[in-house]
Amino acid sequence: MTPSPTSSSSSGSSSTPAGGPVEQAKADLSKRLGIDPAQVTVVSSEEVTWSDGSLGCPEPDMLYTQALVPGNRTILEVAGTQYNYHSGAGRAPFLCEHPR
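Residues numbered from 1 in each chain as written. Predicted model: local features only at pLDDT ≥ 70, side-chain atom pairs only at ≥ 80, totals over all residues. Heavy atoms only, no water.

Undergrad: Outline the pattern of salt bridges, supporting the account with residue identities and numerical values.
TA: Per the counting criterion, the structure on display carries three salt bridges. A salt bridge links aspartate 28 to arginine 32; the shortest N-O distance between them is 2.7 Å. Note that aspartate 28 and arginine 32 are positioned in helix H1 (residues 21-33) at a spacing of four residues, about one turn of the helix. Judged by its relative accessible area of 25%, aspartate 28 is partly exposed. Residue class for arginine 32 comes out exposed when judged on its relative accessible area of 51%. Of the charged contacts, one joins arginine 73 and glutamate 46 as a salt bridge, the two residues approaching to 2.6 Å between their closest N and O atoms. Of this pair, arginine 73 sits in strand E2 (residues 69-78) while glutamate 46 sits in strand E1 (residues 41-50); the two residues are 27 residues apart in sequence, bridging distant segments of the chain. (Salt bridge = Lys/Arg side-chain N within 4 Å of Asp/Glu carboxyl O. Helix = DSSP H or I, 4+ residues; strand = E, 2+ residues; numbered from the N terminus. Buried < 20%, exposed > 50% of the residue type's maximum accessible area, 1.4 Å probe, protein only.)

Undergrad: Go over the nonpolar core with me, naming the residues and quoting the values.
TA: Residues Ala25, Leu29, Val40, Leu76, Val78, Tyr83, Tyr85 and Leu95 constitute the largest nonpolar core, which totals eight residues. Among the secondary structure elements, those contributing two or more residues to this core are H1, E2 and strand E3 (81-88). Setting aside residues no more than four positions away along its own chain, leucine 95 makes contact with Arg32, Tyr83, Asn84 and Tyr85. One finds Trp50, Leu55, Cys57 and Phe94 within the second-largest nonpolar core, a separate group that totals seven residues. (Core = buried A, V, L, I, M, F, W, Y, C linked by side-chain atoms within 4.5 Å. Contact = heavy atoms within 4.5 Å.)

Undergrad: Give me the lowdown on the state of the cysteines, citing residues and values where you can.
TA: Here a disulfide denotes one covalent bond, and it connects the sulfur atoms of two cysteines. In total, this model carries one disulfide according to the counting rule given. Note on cysteine connectivity: cysteine 57 is disulfide-linked to cysteine 96, with sulfurs 2.2 Å apart. Between cysteine 57 and cysteine 96, the disulfide has an S-S torsion of 105 degrees and is therefore right-handed. Of the two residues, cysteine 57 is situated in the loop between E1 and E2 and cysteine 96 in strand E4 (residues 91-96); the sequence distance between them amounts to 39 residues. Of the two residues examined, cysteine 57 and cysteine 96, each falls in the buried class. (Disulfide = S-S within 2.5 Å.)

Undergrad: Any details on the sheet that holds E3? Residues and values, ideally.
TA: Strand order across the open sheet formed by four strands is E1-E2-E3-E4, with antiparallel pairing between neighbours. Of all strands in the sheet, those bounded by a partner on one side alone are E1 and E4. For this sheet, the mean inter-axis angle between neighbouring strands, taken without regard to orientation, is 20 degrees. As judged from the eight bridges shared by E2 and E3, these two strands associate in the antiparallel manner. Counterpart to leucine 76 in the pairing with E3 is tyrosine 83. (Pairing = 2+ DSSP bridges. Axes fitted to C-alpha atoms, helices over the stretch in contact; angles between N-to-C directions.)

So, in C-alpha coordinates, the structure goes:
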(Lines give C-alpha, C1' and ligand atoms only; values in the text may rest on other atoms or scores of the structure.)
Protein backbone atom coordinates (compact mmCIF):
# COMPACT_ATOMS: atom_id res chain seq x y z
CA MET A 1 0.00 0.00 0.00
CA THR A 2 1.35 3.43 -0.94
CA PRO A 3 0.92 6.09 1.70
CA SER A 4 -1.16 9.01 0.55
CA PRO A 5 0.78 12.23 0.16
CA THR A 6 0.49 14.54 3.10
CA SER A 7 0.63 18.25 2.93
CA SER A 8 3.47 19.54 5.03
CA SER A 9 3.04 23.17 4.19
CA SER A 10 4.73 25.60 6.50
CA SER A 11 2.56 27.92 8.50
CA GLY A 12 2.20 31.57 7.61
CA SER A 13 4.72 32.57 10.25
CA SER A 14 8.32 32.52 9.17
CA SER A 15 10.48 30.04 10.97
CA THR A 16 13.36 31.90 12.54
CA PRO A 17 16.49 30.47 14.09
CA ALA A 18 16.45 29.90 17.84
CA GLY A 19 16.60 33.27 19.54
CA GLY A 20 15.07 35.00 16.53
CA PRO A 21 16.64 38.39 15.84
CA VAL A 22 19.63 37.75 18.10
CA GLU A 23 20.71 34.60 16.26
CA GLN A 24 20.07 36.25 12.89
CA ALA A 25 22.18 39.26 13.90
CA LYS A 26 25.00 37.03 15.18
CA ALA A 27 24.97 35.05 11.94
CA ASP A 28 25.09 38.23 9.84
CA LEU A 29 27.91 39.79 11.86
CA SER A 30 30.03 36.63 11.88
CA LYS A 31 29.61 36.38 8.11
CA ARG A 32 30.53 40.06 7.61
CA LEU A 33 33.63 39.72 9.75
CA GLY A 34 34.55 36.23 8.56
CA ILE A 35 34.60 34.82 12.08
CA ASP A 36 32.98 31.97 13.98
CA PRO A 37 29.62 32.97 15.52
CA ALA A 38 30.98 31.76 18.89
CA GLN A 39 33.29 34.80 18.86
CA VAL A 40 30.29 37.16 18.91
CA THR A 41 29.09 38.24 22.37
CA VAL A 42 25.54 39.48 22.96
CA VAL A 43 25.74 42.69 25.01
CA SER A 44 21.98 43.26 25.06
CA SER A 45 18.79 42.55 23.19
CA GLU A 46 15.49 44.28 23.85
CA GLU A 47 12.10 44.80 22.30
CA VAL A 48 11.62 48.43 21.36
CA THR A 49 9.04 50.62 19.69
CA TRP A 50 10.73 52.68 17.00
CA SER A 51 9.36 56.20 16.52
CA ASP A 52 9.17 55.83 12.72
CA GLY A 53 9.93 53.59 9.76
CA SER A 54 13.68 54.29 9.93
CA LEU A 55 13.82 51.75 12.78
CA GLY A 56 16.20 54.01 14.67
CA CYS A 57 18.67 54.09 11.80
CA PRO A 58 17.75 57.00 9.52
CA GLU A 59 19.65 57.64 6.32
CA PRO A 60 20.12 61.16 4.92
CA ASP A 61 17.54 62.34 2.38
CA MET A 62 15.20 59.39 3.03
CA LEU A 63 11.54 59.68 3.94
CA TYR A 64 10.06 57.27 6.46
CA THR A 65 6.57 56.37 7.61
CA GLN A 66 5.60 58.39 10.65
CA ALA A 67 4.14 55.61 12.77
CA LEU A 68 5.25 53.64 15.79
CA VAL A 69 6.93 50.39 14.74
CA PRO A 70 7.50 47.47 17.12
CA GLY A 71 10.92 45.89 16.77
CA ASN A 72 14.15 44.80 18.38
CA ARG A 73 17.54 46.36 19.18
CA THR A 74 20.45 43.96 19.65
CA ILE A 75 23.96 45.03 20.55
CA LEU A 76 26.75 42.58 19.76
CA GLU A 77 30.45 42.78 20.55
CA VAL A 78 33.54 41.34 18.91
CA ALA A 79 37.05 42.08 20.18
CA GLY A 80 35.91 45.16 22.10
CA THR A 81 33.92 46.70 19.23
CA GLN A 82 30.15 46.97 19.55
CA TYR A 83 27.71 46.53 16.66
CA ASN A 84 24.06 47.67 16.70
CA TYR A 85 21.43 45.60 14.93
CA HIS A 86 17.89 46.90 14.48
CA SER A 87 14.78 45.14 13.20
CA GLY A 88 11.05 45.68 12.94
CA ALA A 89 8.08 45.80 10.59
CA GLY A 90 8.93 42.37 9.21
CA ARG A 91 12.49 43.41 8.36
CA ALA A 92 15.28 41.06 9.41
CA PRO A 93 17.94 42.49 11.74
CA PHE A 94 20.35 44.80 9.94
CA LEU A 95 23.60 46.48 10.98
CA CYS A 96 22.95 50.09 11.96
CA GLU A 97 26.21 52.01 11.81
CA HIS A 98 24.79 55.30 13.10
CA PRO A 99 21.99 54.45 15.54
CA ARG A 100 19.71 57.19 16.74
